[in-house]
Amino acid sequence: MSQSSDLIQSAQRTIQLEVEAVQGLLPHIDADFVRACEMILASKGRVVVVGMGKSGHIGNKIAATLASTGTPAFFVHPAEASHGDMGMITRDDVILALSNSGSTNEIVTLLPLIKRLGIQLISLTGNPLSPLAKAAEVNLNVHVEHEACPLNLAPTSSTTAALVMGDALAVALLEARGFTAEDFAFSHPGGALGRRLLLKVENVMHAGQELPQVQRGTLLKDALMEMTRKGLGMTVILEADGKLAGIFTDGDLRRTLDRSIDIRSATIDQVMTAHGKTARPEMLAAEALKIMEDHRINALVVVDEDDRPVGAFNLSDLLRAGVM
């Protein structure tokens, strides 16, 4: 029991110290932060993030976050930069160098070359008086009083502070660029968000011969046969001119049976839902899902600009497409 208590206290102390480290960043969001953002926004190239050890791991994440939120960026290992990878960096780029001490040898070694090439440098350090900070056009101060490590040695609070500062930079740039959810989706086409934001109704609907449809006046029993053949749990009802008259679904059938209507002699006109909710082919599938959720319906008819049915889909289609 005592050991459990010690473990909990240790974890809580770590979290508290890291919370304090993050809160300590607020006074450092100042004119230097604004200048760093302006340098990146004005750049014609990319943000090249460099860092060694734990700072390198944080730098990798910062580069990935920047790249996925509208700021082209990539990570270069500073030791590899000294052995050929410096060729990946152009004069149009901006370098974001991470080093808590600000005196990491592998990064300091690169400074003369960075200066000679005229590449703009932003440092992210815990020591504003360090060689790296002094060499940079702008230094983002991520100084922390104490590491969460009880020995004050293992990078813990300092790496958390650097990560949060990187997130602050990425989000500020995102908002300055007017980066949208659709832009984000283009950076994540394989993810769930990408599917939700890029997939359109025309990509999931059943069209042509797969679309269940009958004319007004069709006997209900014949409409049910059309529903069975097409397997969508619904059918579209057409006016004589081909425009949408209504829709009949499995739910409508259950309600029809409750009304004791003779399904052998009734016509579809007697039991259909007149017109009903519709979608357009170019509409995002996520928008169509919202319509279905708001109105508690399981299927939608897709119509063209003349209100003529061109397709239909149901919740199962959206589920298979990964939209929900």
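In this numbering scheme, every chain counts its residues from 1 along its sequence in written order. This being a predicted model, a pLDDT of at least 70 is required before a residue's local features are given, and a value of 80 or more before pairs of side-chain atoms are given or counted; all residues contribute to the totals for chains, interfaces and linings. As a rule here, side-chain values cover all heavy atoms of the structure and leave hydrogens and water aside.

Draft legend 1. Summary view of the nonpolar core. Here, the term nonpolar core denotes a set of buried Ala, Val, Leu, Ile, Met, Phe, Trp, Tyr and Cys residues that are joined through side-chain atoms within 4.5 Å. When a residue's accessible area, from a 1.4 Å probe over protein chains only, is under 20% of the maximum for its type it is buried; when over 50% it is exposed; and in between it is partly exposed. Residues Val 49, Leu 66, Leu 96, Ile 122, Leu 124, Leu 140 and Leu 169 are the most contacted members of the largest nonpolar core, which totals 30 residues. If you list the elements that add at least two residues to this core, you get α2 (31-42), β1 (47-51), α3 (53-68), β2 (73-76), β3 (94-99), β4 (120-125), β5 (138-141) and α8 (157-177). Contact definition: two residues touch when any of their heavy atoms are within 4.5 Å. Those residues within four positions of Leu 169 in sequence are excluded, and the remaining contacts are Phe 33, Ala 36, Cys 37, Ile 40, Leu 96 and Leu 140. Counting 18 residues, the second-largest nonpolar core is a separate cluster that includes Val 48, Phe 74, Leu 121 and Ala 135. Secondary structure is summarised from DSSP: a helix means a run of H or I of at least four residues, a strand means a run of E of at least two, and numbering begins at the N terminus for each.

Draft legend 2. A look at the sheet that holds strand β8 (residues 244-249). Pairing in this open sheet of four strands is mixed, and the strands run β6-β7-β8-β9 from one edge to the other. This sheet does not close on itself; its edge strands, each paired only once, are β6 (213-215) and β9 (273-274). One requirement defines pairing of two strands: DSSP has to find at least two bridges between them. Note that β8 and β9 share two bridges and pair antiparallel. Residue Gly 246 lies in a different strand from β9, and its bridge partner there is Ala 274.

Draft legend 3. Representation of the pairing of strand β11 (residues 299-303) within the structure. Across the five residues that make up β11, a large majority, five, are buried. With burial as the criterion, each face of β11 is covered, one bearing Ala 299, Val 301 and Val 303 and the other bearing Leu 300 and Val 302. Pairing of strand β10 (residues 278-279) with β11, which is carried by two bridges, proceeds in the parallel orientation. Opposite Ala 279, over in β11, you have Val 302 as the bridge partner. Look down the strands so they point away from you; if the path from the first strand over the helix to the second goes clockwise, the crossover is right-handed. In this fold, the crossover linking β10 to β11 by way of helix α15 (residues 285-295) has right-handed handedness. Here five bridges tie β11 to strand β12 (residues 309-314), and the two strands are oriented antiparallel to one another. Residue Val 302 lies in a different strand from β12, and its bridge partner there is Gly 311.

Draft legend 4. Structural view of the UniProt feature "domain: SIS" (unreviewed entry) in the protein chain. UniProt positions are given in the numbering used here, feature names are shortened, and annotations may be inferred rather than shown by experiment. The sites that carry the UniProt feature "domain: SIS" (unreviewed entry) are, in the present numbering, residues 36-179. Measuring from the first to the last C-alpha atom of residues 36-179 gives 18 Å, for a span that is 44% helix and 17% strand.

Draft legend 5. Examining the packing of α3 against α8 more closely. Convention adopted: a line fitted to C-alpha atoms gives each axis, helices being fitted over their contacting stretch, and angles between N-to-C directions are expressed from 0 to 180 degrees. Two elements in contact, α3 and α8, have axes whose closest approach is 9 Å; the angle formed by their N-to-C orientations is 15 degrees. With respect to α8, the axis of α3 lies roughly parallel. Crossing of α3 over α8 shows right-handed handedness. For the pair α3 and α8, contact is made by Lys 54, Ile 58, Lys 61, Ile 62, Thr 65 and Leu 66 and by Thr 159, Ala 162, Leu 163, Gly 166, Asp 167, Ala 170 and Leu 173, respectively. Throughout, the ten residues Ala, Val, Leu, Ile, Met, Phe, Trp, Tyr, Cys and Pro are labelled nonpolar, Asp, Glu, Lys and Arg are labelled charged, and all others, Gly among them, are labelled polar. Taken together, the residues of the contact of α3 with α8 sort by class into seven nonpolar, three polar and three charged. Oblique is the label for every angle not falling under 35 degrees (roughly parallel), over 145 degrees (roughly antiparallel), or within 65 to 115 degrees (roughly perpendicular). Crossing handedness is defined as follows: a turn of the near helix away from the far one that is anticlockwise and smaller than a right angle gives a left-handed crossing, while the clockwise case is right-handed.

Draft legend 6. Structural view of the pattern of salt bridges. Any Lys or Arg side-chain nitrogen located within 4 Å of an Asp or Glu carboxyl oxygen qualifies as a salt bridge. Summed over all chains, the structure comprises 14 salt bridges. When the shortest N-O distance is used, the salt bridge between Asp 167 and Lys 61 registers 2.8 Å. Of this pair, Asp 167 sits in helix α8 while Lys 61 sits in helix α3, and the two are 106 residues apart along the sequence. Lys 61 sits in the partly exposed class, given a relative accessible area of 33%. The closest approach of N and O atoms between Arg 216 and Asp 269, which form a salt bridge, is 2.8 Å. Here the residue Arg 216 occupies a position in the loop between β6 and α12 (220-230), and Asp 269 occupies one in helix α14 (residues 268-271), the gap between them amounting to 53 residues.

Draft legend 7. Region of interest: the pairing of strand β7 (residues 234-238). Within β7, five of the five residues are buried, which leaves the element mostly enclosed by the surrounding structure. Burial along β7 is two-sided: Met 234, Val 236 and Leu 238 facing one way and Thr 235 and Ile 237 facing the other are all buried. Here β6 pairs with β7 via three bridges, running parallel. Its bridge partner lying in β7, Val 214 is registered against Ile 237. Regarding topology, α12 serves as the crossover connection from β6 to the parallel β7, and that connection is right-handed. Hairpin remark: β7 followed by β8, antiparallel, with five residues in the connecting loop; positive phi at Gly 242, about 90 degrees.

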